[in-house]
Each structure stands twice: as C-alpha cells, then as structure tokens.
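Secondary and tertiary structure notes
The lines below spell out each chain.
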Amino acid sequence: MDIEKEIKKQNNIKLNHEKWNDEGKWINDGEEWSGHFGTTDILWDTILYPKIGEFIKGNVLEIAPGKGRITRKLLEYDIKLDILDLSPICIDRCKERFSSKVDNYYVGNGSDLRDINSGSKDFVLSFDSFVHMSEEVIDSYLNEIYRVLKPGGYCWIHHANLSGQENNFLNWAGRSSMTNEKFHQLAIGNELKVEHQEYIRWDSVDLVGGKNINLPEWFKDGLSLVRK
C-alpha cells in the first residue's frame, strides 16, 4: 500500500476509534440502532437470519461487534465464536455480557486479524460496522479475511453504498465512500469469490422512538457474501 493510502487508512481508523471508544456514543449497548426495524430481534428474524442462517456453523468470527447486539443472537446457535473490535470499551462490555459464551475476545488494530489463525474460520461476518470503514481499511480486512477463512468458507459483510467525503462522519449516517461495485472489485482483488450482493434500506422512521430522521430516498447500504 502506498503512503497516501496508508495515511487514509490510519486516518479512518483513528476516526472510528475516537467515535466508538467513547461511552457517550452508546445508550443501550447499540440496541438503539435497530430502531429502524423495530428491535434487534425483529431485524434478526426478518432480515439477517434468512440471509446468513445457513452459514452460522463451526468456527465463526464476528468483526466489530460493538457492544454485542448481533453477538447475542449468534450465541443462540451451537458455534464457537470469536469477536474482534477496535474499541476496548466494546470488548470489555461484551466480556461482561457474554463471559465464557464467547470463545475468544480480541481488541484489534482496526485493519487486520493478526490474532486469528490462518485457515481457522468457517464463517466471518460484520453488521453495521464496515459502513464506517474506508476503502483502504476494507481492502486490508478482506486480505485478512481470505487468510483466516477455511477453504470454501464464507464471509458476509454489511457495508456502505454511497459516494461522499473522505471523513465518513461528514456523510449521511457516517457512511464511508463505498459501493457494491467497488466492494466486488476489492473482494476479487483479494482472491475472494463474490457469491451474492444486494441492498438493504433503512426506514426513515425509528419504529421504536417514532422519530423521523429524514433519510433520503436513495439511501441504502450494501450486503455482500463472498467465499474463499
């Protein structure tokens, strides 16, 4: 990676660390961000599980779980689960919530999976976190995801789908500049096979709080499934 790209990568990592390692940004362990769908349980049952349920088996890695709103759903299944997050306060909270139910907890550096053994994971996933990561950070993670997946293993990532400013927190909902097409190119560049891509829309009304946040009609995120 050239110097310019490395600087962009480190800048994005710093922004995300400052944002998500701040207790003031968290109200209800992140459950508040499921309000567009009603609750996290509704989000899981109606959207996430139908898309990824068949891949939740064996050795699973969740990247950037925050304080565990999706982690708690993954733990309903008979798997060995590791989680890795850039934020120490998030990992500490997950340890409080889940204790030995999670096999391993890692505080990462925001761009690689150096603590995870090569060829050890059947499934890697991340929801509502890669949306804040720059192209350079995502590229770095995809390189590492290829390394840690078993042959034939799958990875499912929720990422942004818009063009915006380099500082992602100046864009709609803190989204980074990423599209399904760009993600596809990055995946192929890291020797991953793209199995499926689609979009997920966010309701402009928080179904729990009833607050209209006036999301534009075009606002939607990408969902990408890749395989080693």
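What comes next is a walk through the structure.

Conventions and cut-offs
- Residues numbered from 1 in each chain as written.
- Predicted model: local features only at pLDDT ≥ 70, side-chain atom pairs only at ≥ 80, totals over all residues.
- Heavy atoms only, no water.
- Axes fitted to C-alpha atoms, helices over the stretch in contact; angles between N-to-C directions.
- Helix = DSSP H or I, 4+ residues; strand = E, 2+ residues; numbered from the N terminus.
- Left-handed = near helix turned anticlockwise from the far one by under 90°.
- Contact = heavy atoms within 4.5 Å.
- Nonpolar A, V, L, I, M, F, W, Y, C, P; charged D, E, K, R; others polar.
- Salt bridge = Lys/Arg side-chain N within 4 Å of Asp/Glu carboxyl O.
- Buried < 20%, exposed > 50% of the residue type's maximum accessible area, 1.4 Å probe, protein only.

One can describe the packing of helix H5 (residues 135-148) onto helix H6 (residues 180-189) by two numbers: an axis separation of 9 Å at closest approach and a directional angle of 35°. Where H5 crosses over H6, the two elements pack in a sense that is right-handed. Contacts between H5 and H6 pair Glu135, Ile138, Asp139 and Leu142 from the former with Lys182, Phe183, Leu186 and Ala187 from the latter. Its residues assigned to classes, the contact of H5 with H6 shows 5 nonpolar, no polar and 3 charged.

The final tally for this structure, using the stated rule, is 20 salt bridges. Among the ionic pairs, Lys8 bridges to Glu4, the shortest N-O distance being 3.7 Å. Taken together, the residues Lys8 and Glu4, both in helix H1 (residues 3-20) and 4 residues apart, mark about one turn of the helix. Classification of Lys8 as partly exposed rests on a relative accessible area of 29%. Arg175 is the partner of Asp221 in a salt bridge, and the nearest nitrogen-oxygen pair spans 2.6 Å. On the criterion of sequence distance, the pair formed by Asp221 in strand E7 (residues 220-227) and Arg175 in the loop between strand E5 (149-159) and H6 is long-range, its members being 46 residues apart. Take Asp221: its relative accessible area is 0%, and that puts it in the buried class. Exposure remark for Arg175: the relative accessible area of 5% places this residue in the buried category.

Function cannot be read off these values alone, since they describe shape.
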